[in-house]
Amino acid sequence: MAKRKAAPVTAAPSADAKDVPVVGGREPCPCGSGRRYKACHGRAASHADTHLVERPFAGLTGEADWVALREIVPAATASLTPLGEWAGRTVTLATVLPLAWPALVRTDGEVYVGLQVRGGSGDASRDIAAALVRALEAEPGTPIEPAGLPGPGPRLQDLLDPDAPFEVTVQDGFDFWIEGIDEIDSETRGSMERANAAVVPTDRLTSVEAAYVARLPERSHLRWVLTQPEDSLLDAFARMRVAGDLGLGEGTKYIGAFRAHGLVVPVWDLPIGATGGAFDDPAASWQSRLETALEVDVPLSDEERRARSGLVSRQLTLR
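Keep in mind it's a predicted model, so treat the numbers as computed, not measured. (Residues numbered from 1 in each chain as written. Predicted model: local features only at pLDDT ≥ 70, side-chain atom pairs only at ≥ 80, totals over all residues. Heavy atoms only, no water.)

(A) Focus on helix α8 (residues 302-313). Between its terminal C-alpha atoms α8 stretches 17 Å, which fits the 16 Å expected from 12 residues at 1.5 Å a residue. Those residues of α8 that fall on the buried side of the exposure criterion are Glu304, Ala307, Arg308 and Leu311. In a view along the axis of α8, the buried residues occupy a sector of 100°, so they form one face of it. Facing away from the buried side of α8, by more than 90 degrees, are the exposed residues Arg306 and Ser313. Residues of α8 that are buried in the fold lie against α6 (230-243) and β10 (253-260). (Helix = DSSP H or I, 4+ residues; strand = E, 2+ residues; numbered from the N terminus. Expected span 1.5 Å × (residues − 1). Buried < 20%, exposed > 50% of the residue type's maximum accessible area, 1.4 Å probe, protein only. Arc of directions from axis to C-beta. Contact = heavy atoms within 4.5 Å.)

Written as structure tokens, this is what we have:
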């Protein structure tokens, strides 16, 4: 049997991937190599689009609250302050938008960008920034439909004023979608009504940052997004466990923690019907105990190491 000749190997093109326009995968690569885009610079672009950024909101004011609104708060808004050519535009960040749109421009010209959106690349900041730019460039009354992976481009850190405050307003529902708008189509209204029916009443604590109490019918729980390094927090939690300081008071129970966008989120069960206001003081006291535990600079004792192992084994689902 005659041996098949191996196909000639074409050297990888030298053009920088960021300088090559994105085209269809089966189209010739714009770099001029003669190869299809997907077999040439498309490989690098695809890898870049899905590269995981563990802390996508790092560097933004209120990183912990960005994570909370992305992962655990059902209905909330915050005002954003764009820079550059869009300075002065009114932009509202919302946990969810009608029909799960990534962004929209209301008929009054106000821009909304959604945080809890499906799909996307490995960089949530880039995904949201891409939707925000599309909305800022769109006409009033335009919904921004989901699109493919955004490719290289600005991130939220490039678009937003780093000195502007990030102030969260927890909403009872999604009526803010249509506030001040006279004519609402039936599809949007239906989406709002379905979303309102699924909202879990939630309170944001005022004594600490990024801590939220969710009031479910059968129980309440507190989830608190922390920004300290994970290993340091686990050591501190172990010291607090041994000292009996890990709870938030009578009737509460620390049940574990999960990781969301590179940050640790501890969770406590609370008494049924507990509200955020009832836990402002206990949370402030717990934060003080945490800071004390974080400052300890000696190895864990044997008992503390066992406690740490137990805490790690009880980690909730990591994200």
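(B) Structural context of the environment of Leu60. Tracing the sequence through the fold places Leu60 in the loop between α1 (41-50) and α2 (63-71). Taking the C-alpha atoms as reference points, Leu60 and Ala164, separated by 104 residues in sequence, lie 9.6 Å from one another. Once residues lying within four places of it in the same chain are set aside, the contact partners of Leu60 are Trp66, Leu156, Gln157 and Leu160.

(C) A look at helix α5 (residues 186-197). The terminal C-alpha atoms of α5, which comprises 12 residues, lie 16 Å apart, in line with the 16 Å expected from a rise of 1.5 Å per residue. Restricting attention to buried positions, one finds in α5 the residues Thr188, Gly190, Ser191, Met192 and Ala195.

(D) Broad picture of the environment of Asp127. The topology assignment puts Asp127 in helix α3 (residues 124-136). Relative accessible area serves as the criterion here: at 14%, Asp127 is assigned to the buried category. Sequence separation between Asp127 and Leu115 is 12 residues; the distance between their C-alpha atoms is 9.5 Å.

(E) Representation of the packing of aromatic side chains within the structure. Under the defined criterion, the tally for this structure stands at 11 aromatic pairs. Look at Trp224 and Trp268: their rings are 6.1 Å apart centre to centre, the planes differ by 50°, and that puts the pair in the tilted class. One end of the pair, Trp224, is in strand β9 (residues 220-224); the other, Trp268, is in strand β11 (residues 263-270), with 44 residues separating them in the sequence. Accessibility assignment for this pair places Trp224 and Trp268 in one class, buried. With centroids separated by 6.0 Å and ring planes inclined at 70°, the aromatic side chains of Phe237 and Tyr254 adopt a geometry described as edge-to-face. Of the two residues, Phe237 is situated in helix α6 and Tyr254 in strand β10; the sequence distance between them amounts to 17 residues. Grouping residues by exposure puts Phe237 and Tyr254 together as buried. Through pairs of rings, three or more aromatic residues link up here, namely Trp224, Phe237, Tyr254, Trp268 and Trp286. (Phe/Tyr/Trp six-rings, centres within 6.5 Å; stacked < 30°, edge-to-face > 60°.)

(F) Structural detail: the sheet that holds strand β5 (residues 142-144). With mixed pairing, six strands are arranged side by side in an open sheet as β5-β3-β4-β2-β1-β6. Two strands in the sheet have a free side with no partner beyond their single neighbour: β5 and β6 (168-170). Each neighbouring strand pair of the sheet contributes to a mean axis angle of 20°, computed without reference to strand direction. Here three bridges tie strand β3 (residues 103-105) to β5, and the two strands are oriented antiparallel to one another. Note on β5: the bridge partner recorded for Val105 is Thr142. (Pairing = 2+ DSSP bridges. Axes fitted to C-alpha atoms, helices over the stretch in contact; angles between N-to-C directions.)

(G) Structural context of the environment of Val267. With respect to the element layout, Val267 can be found in strand β11. Separated by 46 residues in sequence, Val267 and His221 have C-alpha atoms that sit 6.9 Å apart.

(H) Inspection of the pattern of salt bridges at higher detail. Considering all chains together, one arrives at 14 salt bridges under this definition. For Arg55, the salt bridge identified is with Glu63, shortest N-O distance 2.7 Å. Under the relative-accessibility criterion, Glu63 is labelled buried at 10%. One connected set of salt bridges, linked through shared partners, spans Asp65, Arg204 and Glu209. (Salt bridge = Lys/Arg side-chain N within 4 Å of Asp/Glu carboxyl O.)

Worth remembering: the numbers are spatial, not functional.
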